[in-house]
Amino acid sequence: MGNPYLRLAAPGVRGLKPYQPGKPISELEREYGVSNIVKLASNENPLGPGQRVLEAIRDLPENELARYPDGGGFELRQALARRHGVEPECITLGNGSNDVLVLMAEAFLQDSLEAVHSQYAFAVYPIAIQACGATAQVAPALPPGSDSPYGHDLAAMAERVNDKTRLVFIANPNNPTGTWVRAEPLREFLETLPEHTLVVVDQAYGEYMDDPDYPDCVDWLDRFPNLVVTHTFSKAFGLAGLRVGYSVSAPGIAGILDRVRQPFNVNLLGGVAALAALEDRQHLGRSVEMNASERDRLQTALGGFGLDFVPSAGNFVLVDMGRTAMPVYEALLRKSVIVRPVANYGLDRHLRISVGTPAENNRLLEAMEEVLSAGAKDEAGGGD
Ligand SMILES: Cc1ncc(COP(=O)(O)O)c(C=O)c1O
C-alpha cells in the first residue's frame, strides 16, 4: 500500500524523492561487517578541519553551549564581507549553503512560477524548486563528446527563461559532473536575462578552481544586481559536519532572505569554526594543493584502467564505468570503499569518486583494479 499521507502533502512535495546522501561509514560497518573504511562519497575535505578550527572549538567556554548563538552572525558576516570586499549587509548565512539555496526558492518561487537549471545539475535544485510548487525547467546538458561533457549548456538554459522565470541555478563548478563555465560565456548569458530573473551561481567548489578564466561572480555584483553567489565551508574549508554556508548578493536580496531565514540557522560551533577557518589560509592552501595533485593522479590512473572520466574542477571525479555502475559500487563496498552511484541523476553508468588523501586514493585504486579485473558483473550478480 502506498503512503496514506501522500495525498495530504503539498502538491509540489508529492512528486519528490528524498535526496540520497553518500552511505555513512557506520552503515557500511553494520551492513557488511567490514572495517577500515575509506569514504570517497560526499566530496568532503579528506584532511578534515585545520588546527585553528579545532583550537577555536576547544577554547569555547562550556556554558556558551547553553546559550543561543548570535542569530545575526555579526562577526562571521563581518569576516566574510572582508573576504569578499563587500558590505556585511550582502551576506546571508545558512545551515550549509544548501540552506541558502532553499531560502532562495522559498523567498522567490511559488506555484505559478518557474526556475531553470541544467540536466545533471546539483540534486538539491529540483528539490528546492518543486517543494515550493514551482516548475523546474531543465535544460539538456552538453553532450558527452563536447568540451564540457554533461556540463551546463548556457544557450539551452537561456532558451528556457520566460516571463515566469524567477530563478536560474548555475553550479560552477557543478556536482556531480565537475564541469564549469568560463567568464565570457557566463557574462554573455547574464546579459540576456530579464530583470525579473535572479541567478544563483553556486560556487561551493570555487576554492578548488585554477582556470584563469573561471569567474568569481562576487566581482560582478555591481554589474549584475540580480546575482546571488553561494559559498560553503563544507568543501575546501573542511567543515561539512558543522553545516555553514552563505550567499553574497545585493543587500535588498539578502533582506528578503532574512525574512524566511530561521533564527539561529548557523549553530554556535559552526559559527566559531567558520571564523577560525577563514583565518587559516595555510590549511585551505594545503587542502586545495593536495586536491589538485591527487585529482590528477586519480584521473590518470582511472584513465589507465581504460575508464572514461569527465575532467573535473572539483574535489571529485565522475567516471564512466562503461556498464551499469551499481555492481561496481557494491563490489567496492565489499572492499570497504564507499563511492557514490549517480543513477539518481540519470547517470547509471557513472560513479562519482571524491578525491581523498594519497593513502585513501591508493586504497580506491587498488580496489578498483581488483574489481575491474574480477569482472564486476560476475562478482555482484548483475546488480540493479
Ligand atoms: C554544487 C553544490 N552546491 C551546494 C552544496 C551544499 O553543500 P553544503 O550545504 O554542505 O554547503 C553541495 C554539496 O555537496 C554541492 O555539491
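Please read all numbers here as calculations on a predicted model, not as lab measurements.

Quick word on the overall build of the chain
- Looking only at helices and strands, the chain has 14 helices and 13 strands in total.
- Computed over the C-alpha atoms, the radius of gyration of the chain is 21 Å, within 12% of the 21 Å expected from 2.2 N^0.38 for a compact globule of 384 residues.
- Projecting the C-alpha coordinates of the chain onto the three principal axes gives extents of approximately 60 × 50 × 50 Å.
- Here the chain holds 384 residues, and 53% of them are scored as buried.
- Here the analysis covers contacts within the chain between residues at least 6 apart in sequence; of these, 74% occur between residues at least 24 apart.
- When the accessible surface of the chain is totalled, it reaches about 17,300 Å², and 49% of it is carbon and sulfur.
- Across the chain, the 34 positively charged side chains and the 49 negatively charged ones have centroids separated by 5 Å.

Describing the environment of Ser 336
- Summarising the element assignment, Ser 336 is placed in the loop between α12 (326-334) and β11 (337-338).
- Judged by relative accessible area, which is 7%, Ser 336 ranks as buried.
- As a C-alpha pair, Ser 336 and Ala 367 span 31 residues in sequence and 8.7 Å in three-dimensional space.
- Ignoring sequence-local partners within four residues, the contact set of Ser 336 consists of Leu 28, Val 34, Ser 35, Asn 36, Ile 37, Val 38 and Arg 363.

Details of the sheet that holds strand β2 (residues 91-94)
- Overall, mixed pairing links the 7 strands, which are arranged β2-β8-β7-β6-β5-β3-β4 in an open sheet. Two strands close off the open sheet at either side, each with one partner strand: β2 and β4 (135-139). On average, each strand axis in the sheet is tilted by 20° relative to the strand beside it, whichever way the strands run.
- In this sheet, strand β7 (residues 227-232) lies alongside strand β6 (residues 198-202) in parallel orientation, the contact comprising 4 bridges. Considered in β7, the bridge of Val 201 is made with Val 229.

What to know about the confidence of the model for the chain
- Per-residue confidence for the chain averages 95 on the pLDDT scale, and 98% of its residues sit at or above 70.
- Segment residues 379-384 is flagged for pLDDT under 50; beyond a separation of four residues in sequence, or across chains, it makes 12 contacts in the model.

Observations concerning the side chain of Lys 235
- Along the chain, Lys 235 turns up in the loop between β7 and β8 (245-249).
- Comment: no salt bridge for buried Lys 235; closest opposite-charge side chain is Glu 44, at 7.1 Å.
- A polar atom in the side chain of Lys 235 sits 3.4 Å from the backbone oxygen of Ser 42.
- Side-chain polar atoms of Lys 235 contact the side chain of Tyr 205, separated by 3.5 Å.

Basis of the calculations
- Residues numbered from 1 in each chain as written.
- Predicted model: local features only at pLDDT ≥ 70, side-chain atom pairs only at ≥ 80, totals over all residues.
- Heavy atoms only, no water.
- Helix = DSSP H or I, 4+ residues; strand = E, 2+ residues; numbered from the N terminus.
- Rg over C-alpha atoms; globule rule 2.2 N^0.38 Å.
- Buried < 20%, exposed > 50% of the residue type's maximum accessible area, 1.4 Å probe, protein only.
- Contact = heavy atoms within 4.5 Å.
- Areas by Shrake-Rupley, 256 points an atom, 1.4 Å probe, with all protein chains shown as cover.
- Lys, Arg positive; Asp, Glu negative; His and termini not counted.
- Charge placed at Lys NZ, Arg CZ, Asp CG, Glu CD.
- Pairing = 2+ DSSP bridges.
- Axes fitted to C-alpha atoms, helices over the stretch in contact; angles between N-to-C directions.
- pLDDT = per-residue confidence, 0-100.
- Salt bridge = Lys/Arg side-chain N within 4 Å of Asp/Glu carboxyl O.
- Polar contact = N/O pair within 3.5 Å; in protein donor to acceptor, adjacent residues only side chain to side chain.

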